[in-house]
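In case you want the letters, here they are:
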Amino acid sequence: MKQATLAAAADQGAEFERFRRPTRRDVFLQTMDTIVPWAELCEVIEPHYPKAGKGRPPIGLERMLRMYFVQHWFNLADEACEEALLDSTALRRFVGIDLGRERVPDGTTLLKFRRLLEDDRHKLGAALFAKVGEVLQSKGMKVGTGTIVDATIISAPSSTKNDKGERDPEMHQAKKGQQYFFGMKLHIGVDSETGLAHSAVVTAANVHDKHPLPELLHGEELEVFGDSAYASQQELIAAKAPKAKDRTNQRVRGTGHLADLERIVNRIKSKTRSRVEHMFAVVKRQFGFSKVRYKGLAKNATRAFVALGLANIYMARKRLVA
């Protein structure tokens, strides 16, 4: 057992600070430390992680994964994450860093770890998302017979004031209402009972919501909910989930008793359909993934899959702690 240094004693020794109380960050990190399935997630990455041998020994996998999750939760760039760990006792305690014995992994080390997860040969972002789903199901949060589908636009820089004088070629422009957006689109399928995401697809923003619809269904649905962008897609739904009833909102035009009745039916469906917005609220508002950080779809897709997995854990935290 390693002897604690004075730096570690200062970080861990809250008894010396008589009037300190836990902040919301402290409570959040303590909860995540308890409920995140660290061993299972490390098993996904371990076959591809550098092994000890010649040269500098690699930093512990779980420690790098914790630092990577801190980057997601607090929407930090690589170097900003390093500085946050240097600045915050709570973050160092969560990652497990003793400044009296070791340095904080620098931004370049985090960059290399992130590049490992973004490697298109391994697709580790999607694998982590799937593993979180498996763990949650093993704890009783089964995928039910209803799926809610929806999509949201993640903005990308539209300026051409750069070295190449052009936008990111993998991002595209799309019109929503009377406003144009440039970026990518995150499509998700959410269980109508638990509100947890079980499938996701990342495309350019100009891809219509209906096209990835079959990929968002698991096939055993009895009901499929969605907004009016998915109206009249019975054939696509039946191709993947033949037993499912179409509960998507229908487009309503004009006035009259029939139109008013359709609007009432849509409002009733929306009481269930709106649960998908909770997932987007966590990913975009709480975790700050409302704008892309990297060029290209692949890197941002990895971030999206990991963010969805972490959002599932966050939304299920009360059931996991109980």
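Keep in mind it's a predicted model, so treat the numbers as computed, not measured. (Residues numbered from 1 in each chain as written. Predicted model: local features only at pLDDT ≥ 70, side-chain atom pairs only at ≥ 80, totals over all residues. Heavy atoms only, no water.)

Caption draft 1: Layout of the environment of Gly 96. Examined against the element boundaries, Gly 96 turns out to sit in the loop between α6 (89–95) and α7 (107–118). Taking the C-alpha atoms as reference points, Gly 96 and Arg 66, 30 residues apart in sequence, are found 8.8 Å from one another. Those residues in contact with Gly 96, other than ones at most four positions away along the chain, are Arg 63 and Glu 102. (Helix = DSSP H or I, 4+ residues; strand = E, 2+ residues; numbered from the N terminus. Contact = heavy atoms within 4.5 Å.)

Caption draft 2: Here's a closer look at the side chain of Lys 284. Position of Lys 284 relative to the elements: it lies in helix α11 (residues 276–286). The buried charged residue Lys 284 lacks any salt bridge, with Glu 277 as its nearest oppositely charged partner at 8.1 Å. From its side chain, Lys 284 meets the backbone oxygen of Ile 153 in a polar contact 3.1 Å long. Not counting chain neighbours up to four residues away, the residues in contact with Lys 284 comprise Thr 152, Ile 153, Ile 154, Phe 289 and Ser 290. (Buried < 20%, exposed > 50% of the residue type's maximum accessible area, 1.4 Å probe, protein only. Lys, Arg positive; Asp, Glu negative; His and termini not counted. Salt bridge = Lys/Arg side-chain N within 4 Å of Asp/Glu carboxyl O. Polar contact = N/O pair within 3.5 Å; in protein donor to acceptor, adjacent residues only side chain to side chain.)

Caption draft 3: Spatial organisation of the packing of α11 against helix α12 (residues 297–315). The interhelical angle for the contact between α11 and α12, taken along N-to-C directions, is 115°, at an axis separation of 10 Å. Regarding the angle of α11 to α12, the classification is roughly perpendicular. Two packed elements cross with a definite hand, and for α11 against α12 that hand is right-handed. Contacts between α11 and α12 pair His 278, Met 279, Val 282, Val 283 and Gln 286 from the former with Ala 307, Leu 308, Ala 311, Asn 312, Tyr 314 and Met 315 from the latter. (Axes fitted to C-alpha atoms, helices over the stretch in contact; angles between N-to-C directions. Parallel < 35°, antiparallel > 145°, perpendicular 65-115°, else oblique. Left-handed = near helix turned anticlockwise from the far one by under 90°.)

Caption draft 4: Geometry of the UniProt feature "domain: Transposase IS4-like" (unreviewed entry) in the chain. Under the feature "domain: Transposase IS4-like" (unreviewed entry), the UniProt entry names residues 145–312. Annotated as 30% helix and 24% strand, the span residues 145–312 places its first and last C-alpha atoms 18 Å apart. (UniProt positions renumbered as here; feature names shortened; annotations may be inferred.)

Caption draft 5: Structural view of a nonpolar patch on the surface. A cluster of nonpolar side chains, contributed by Leu 258, Leu 261 and Val 265, occupies part of the molecular surface with about 290 Å² of accessible area. Its place among the elements puts Leu 261 in helix α10 (residues 257–273). (Patch = residues over 30% accessible without salt bridge, like charges linked within 9 Å, V, L, I, M, F, W, Y side chains within 5 Å. Areas by Shrake-Rupley, 256 points an atom, 1.4 Å probe, with all protein chains shown as cover.)

Caption draft 6: Geometry of the nonpolar core. Ranked by internal contacts, the top residues of the largest apolar core, which has 74 residues, are Phe 69 and Trp 73. Each residue touching Trp 73, except ones within four places of it in the same chain, is listed here: Phe 28, Leu 29, Met 32, Val 36, Phe 94, Gln 286, Phe 287 and Leu 310. Counting 12 residues, the second-largest nonpolar core is a separate cluster that includes Val 149, Ala 229, Ala 241 and Ala 244. (Core = buried A, V, L, I, M, F, W, Y, C linked by side-chain atoms within 4.5 Å.)

Caption draft 7: Broad picture of the environment of Glu 40. In this fold, Glu 40 is placed in helix α3 (residues 38–45). Sequence separation between Glu 40 and Lys 131 is 91 residues, and the spatial gap between their C-alpha atoms is 7.4 Å. Glu 40 has contacts with Lys 131 and Val 135, leaving out every residue within four places of it along the chain.

Caption draft 8: Quick peek at a negative patch on the surface. Side chains of Glu 79, Glu 83, Asp 87 and Asp 106 sit close together on the surface and give a patch of like negative charge. Note on placement: Asp 106 falls in the loop between α6 and α7. (Charge placed at Lys NZ, Arg CZ, Asp CG, Glu CD.)

Caption draft 9: Just the packing of helix α5 (residues 78–87) against α7, in detail. In contact at an axis separation of 8 Å, α5 and α7 are set at 125° when each is read in the N-to-C sense. For the element pair α5 / α7, the angle class is oblique. Crossing angle aside, the handedness with which α5 passes α7 is right-handed. Contacts from Asp 78, Glu 79, Cys 81 and Glu 82 in α5 reach Gly 107, Leu 110, Leu 111 and Arg 114 in α7. Across the contact of α5 with α7, the residue classes break down as 3 nonpolar, 1 polar and 4 charged. (Nonpolar A, V, L, I, M, F, W, Y, C, P; charged D, E, K, R; others polar.)

Caption draft 10: Broad picture of the pattern of salt bridges. For the structure on display, the rule yields 15 salt bridges. Of the charged contacts, one joins Arg 101 and Asp 98 as a salt bridge, the two residues approaching to 3.8 Å between their closest N and O atoms. On the basis of relative accessible area, Arg 101 is assigned to the partly exposed category, the value being 40%. Salt-bridge contacts for Arg 273 lead to Asp 150; the nearest nitrogen and oxygen are separated by 3.9 Å. Of this pair, Arg 273 sits in helix α10 while Asp 150 sits in strand β1 (residues 146–155), and the two are 123 residues apart along the sequence. Each member of the pair, Arg 273 as well as Asp 150, carries the same accessibility label: buried. Through salt bridges with shared partners, a single ionic network connects Asp 33, Glu 62 and Arg 66.

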